[in-house]
Amino acid sequence: MKLSRRNFFGMGMYTAAAAGLAPMSLTKAAHAGSSNHTSDARDYESSIQGAFTFQNTMMDAYATGDTVRLIQSYSDQSGLLSTAMTYDNAVSIHAYLQRRQGGDLARAEVLGNGLLYAQANNFPIADGRFAQGYFVNTPSAEGAYITPAATPFYFYTSAVGDQAWAGMALSQLYRRTGQSKYLTAAVLVANWIVNNTYNTAGFGGYSFGTIINQYNESEPSPNGQSTEHNIDTSAFFTMLDELTNHGKANNGSSWSSLAQHALSFVLAMYNSAGGYFYTGTNSTGGPITPTPIPEDCQTWSYLALLDDRYQKTIDWALADLQTTDTPSSTNSDLTGTETITGMVFDTASLTPSISDCDPHAVWLEGTSHTIAALIARARVGNENLAAHFHDIQQALTFLDNCRTAQSELGAGQTVNSKTIPQGDGLMASTSLMDTGFGYTYGPSLHIGATAWYLLAALGGNPFQLGYMSRTNRKN
């Protein structure tokens, strides 16, 4: 099989390793003691199939077939009941669209139709926005398994990042199916972002979003501006620019210029001396927040921009946010000989202020973000060949750690009180992890972590239309 460097690095991780195309030194390093490529192929394929089986199990927990619904984000053990987070469901749509096997598109469309229903019936205000999450265990009056996530959580916040991720999923669905309803919904939420969060103070960009007060009224969020949200928005509006043939928002501004407005904020958050992006500002138009420094800003910025000028953010994340969870770590949930290496959420995760958190807990979703970014850099970056192979080696190592977590962790967890088969899904984190933002991730099986693992293993980039990282737009 003859391959160029470009299409070699464009292959999914499991495909390249299974075909025996990675240099022997890499496969030996990444697959301790194994040089049997056929065996590797079966292992990778089985892992990916298991991960999709998990997504299907979660998706069919309360309804099946073409019933309009969203997916419960976490196993019952999380304590979040049947909550389906908008972001997690968007990533799940991306995973189904990326694989392109029998039934995947139908499932992506069911979830896309779930987003359409949620948008049209959002409580308490249906003006194009999405809530942070919805309950999915009982049907609405219209028969959709999507109802407001009211007591005890009231997940009514509409953060810009969630809006952009829903918009990107709808955009990818439109590109794949040609069904105008998905583009219409994407444009609707995009206009909501522009109308409600466009900011001209300070560094510009888009503010955090909105909250719903005790009177069910919408108010601007008191939170500051997020680098991650603006990365998402820039990528989303760039997609709309292409899908609408360089169209415009309702305010007359082009999607291209609105994407640039988000990007300008992102680039203002870059610490050139340190080689990383700050998390954002502590208030709309306010000063930069110096800490904590998150993983997603580093890897998502590369996936969205494919810009060599900022590729070292991946290296910063690897150097400063990589850890190994073992049973001997403080508050670890691992037992026996279990050992998982990967990424943490941010710098605060390594020095937790929340009791019972493990300073070495591995964030499996963030580990998959990093795999995807390494694959993208290996494919389109301007590093030398040795650096490209090093990226592939690191990606394979992380991929194997995710597979280990998938096979060994999460036994006995349930969805709708039914046991989830062992070895299918990935947990949010290997142990309880402090994010530094007042909430934690825990060892509950998670569709977001599993969907990102699938995207990474299949070589996908959800920030690019069609999921393929192509030649750098900037150098």
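In this text the structure is predicted, and so the values were computed from the model without any measurement. (Residues numbered from 1 in each chain as written. Predicted model: local features only at pLDDT ≥ 70, side-chain atom pairs only at ≥ 80, totals over all residues. Heavy atoms only, no water.)

*Asks:* Explain the overall build of the protein chain to me, please; I cannot follow it from the model alone.
*Replies:* Scanning the protein chain from N- to C-terminus turns up 15 helices and 16 strands. The C-alpha extent of the protein chain, read off along each of the three principal axes, is 60 × 50 × 45 Å. Within the structure as shown, the protein chain displays about 17000 Å² of accessible surface, and the carbon and sulfur contribution to it stands at 49%. Positive and negative side-chain charges of the protein chain, numbering 23 and 37 respectively, have mean locations separated by a distance of 14 Å. (Helix = DSSP H or I, 4+ residues; strand = E, 2+ residues; numbered from the N terminus. Areas by Shrake-Rupley, 256 points an atom, 1.4 Å probe, with all protein chains shown as cover. Lys, Arg positive; Asp, Glu negative; His and termini not counted. Charge placed at Lys NZ, Arg CZ, Asp CG, Glu CD.)

*Asks:* What's the story with the sheet that holds strand 2 (residues 133–135) in this structure? I'm lost.
*Replies:* Picture the strands of a sheet paired through backbone hydrogen bonds; they go either parallel or antiparallel. Across the sheet, which stays open at both edges, the three strands sit in the order 1-2-3 with antiparallel pairing between neighbours. Both edges of this open sheet fall to strand 1 (83–85) and strand 3 (147–148), since each of them pairs with a single strand only. Where strand 2 lies against strand 3, two bridges are found, and the strand directions are antiparallel. Residue F135 lies in a different strand from strand 3, and its bridge partner there is T147. With respect to the sheet, helix 5 (residues 86–99) is in contact with strand 1 and strand 2, its orientation differing from that of strand 1 by roughly 65°. (Pairing = 2+ DSSP bridges. Contact = heavy atoms within 4.5 Å. Axes fitted to C-alpha atoms, helices over the stretch in contact; angles between N-to-C directions.)

*Asks:* How do you make sense of the nonpolar core when you look at a structure like this?
*Replies:* Of all hydrophobic cores here, the largest spans 130 residues; its most connected members are W165, F236, F237, W452 and F463. Sequence-distant contacts of F463, that is, excluding residues within four places in its chain, are made with W165, M168, I231, D232, A235, M239, W300, L303, A304 and W452. (Core = buried A, V, L, I, M, F, W, Y, C linked by side-chain atoms within 4.5 Å. Buried < 20%, exposed > 50% of the residue type's maximum accessible area, 1.4 Å probe, protein only.)

*Asks:* Help me understand helix 5, please; the structure alone is not making it clear to me.
*Replies:* Residues spaced three or four apart along an α-helix face the same direction, because each turn holds 3.6 residues. The end-to-end C-alpha distance of helix 5 is 21 Å, a good match for the 20 Å that 14 residues give at a rise of 1.5 Å each. In terms of burial, helix 5 is largely enclosed, as 14 of its 14 residues are buried. Directly beyond the C-terminal end of helix 5, a positive phi value near 65° is found at R100. (Expected span 1.5 Å × (residues − 1).)

*Asks:* Where do I start with the pairing of strand 5 (residues 209–212) in this structure?
*Replies:* Where a strand is regular, its side chains alternate between the two sheet faces. Pairing of strand 4 (residues 158–159) with strand 5, which is carried by two bridges, proceeds in the antiparallel orientation. In the sheet register, A159 faces strand 5, and the bridge partner there is G209. With three bridges joining them, strand 5 and strand 6 (residues 218–220) adopt antiparallel strand pairing. When the sheet's bridge partners are listed, I211 is paired in strand 6 with E219. Counting the residues in the hairpin turn of strand 5 and strand 6 gives five residues, including N216, whose phi is positive at 60°.

*Asks:* How should the pairing of strand 11 (residues 322–325) be read in this particular structure?
*Replies:* What you see with strand 11 is a clean split: T323 and D325 sit on the buried side and Q322 and T324 on the side with no burial. As defined by bridge partners, strand 11 adjoins strand 12 (residues 340–343) across four bridges and the pair is classed as antiparallel. Paired with Q322 across the bridge in strand 12 is M343.

*Asks:* Sorry if this is basic, but what is going on with the pattern of salt bridges here?
*Replies:* Think of it this way: side chains of opposite charge can pair up when their charged atoms draw near. Counted by the stated rule, this structure contains 11 salt bridges. The salt bridge partner of D104 is R99, with a shortest N-O separation of 2.7 Å. Residue R99 is classed as buried on the basis of its relative accessible area, which comes to 15%. Notably, a salt bridge pairs R403 with D400, separated by 2.7 Å at the nearest N-O pair. Within this pair, R403 and its partner D400 are both found in helix 14 (residues 385–408), separated by three residues, close to a single helical turn. Accessibility expressed as a relative area gives 13% for D400, which makes it buried. It is possible to trace a salt-bridge network through shared partners that takes in K312, D315, R377, E383 and D391. (Salt bridge = Lys/Arg side-chain N within 4 Å of Asp/Glu carboxyl O.)

*Asks:* What am I meant to see in the packing of aromatic side chains here?
*Replies:* Centre-to-centre distance and the angle between the planes together describe a pair of aromatic rings. Enumeration according to the criterion identifies 28 aromatic pairs in this entry. Between the aromatic rings of F153 and F155, the centroid separation amounts to 5.1 Å while the plane-to-plane angle is 15°, which identifies the pairing as stacked. Measuring from ring centre to ring centre gives 5.0 Å for Y276 and W316, while their planes differ by 40°; the resulting arrangement is tilted. Here Y276 is found in strand 8 (residues 276–277), whereas its partner W316 is found in helix 12 (residues 312–320), with 40 residues between them in sequence. By relative accessible area, Y276 is classed as buried at 13%. What links up through ring pairs into an aromatic cluster is the set Y87, W165, W300, W452 and F463. Here R99 stacks its cationic end above the ring of F52, 3.7 Å away from the centre of that ring. (Phe/Tyr/Trp six-rings, centres within 6.5 Å; stacked < 30°, edge-to-face > 60°. Lys NZ or Arg CZ within 6 Å of the ring centre and 35° of its normal.)

*Asks:* Honestly, the sheet that holds strand 4 in this entry has me stumped. Any pointers?
*Replies:* What the three strands build is an open sheet, ordered 4-5-6; its pairing is antiparallel. Looking along the sheet, the strands with just one partner apiece sit at the ends: strand 4 and strand 6.

*Asks:* Just to check I follow, could you spell out unusual backbone geometry for this structure?
*Replies:* Residues T151 and P152 are joined by a peptide bond in cis, for which omega reads 5°. Counting through the fold element by element, P152 comes out in the loop between strand 3 and strand 4. Unusually for a residue other than glycine, L306 sits at a positive phi of about 50°. The topology assignment puts L306 in the loop between helix 11 (296–305) and helix 12. Although it is not a glycine, D356 adopts a positive phi angle of roughly 75°. Structurally, D356 is set in the loop between strand 12 and helix 13 (364–380).

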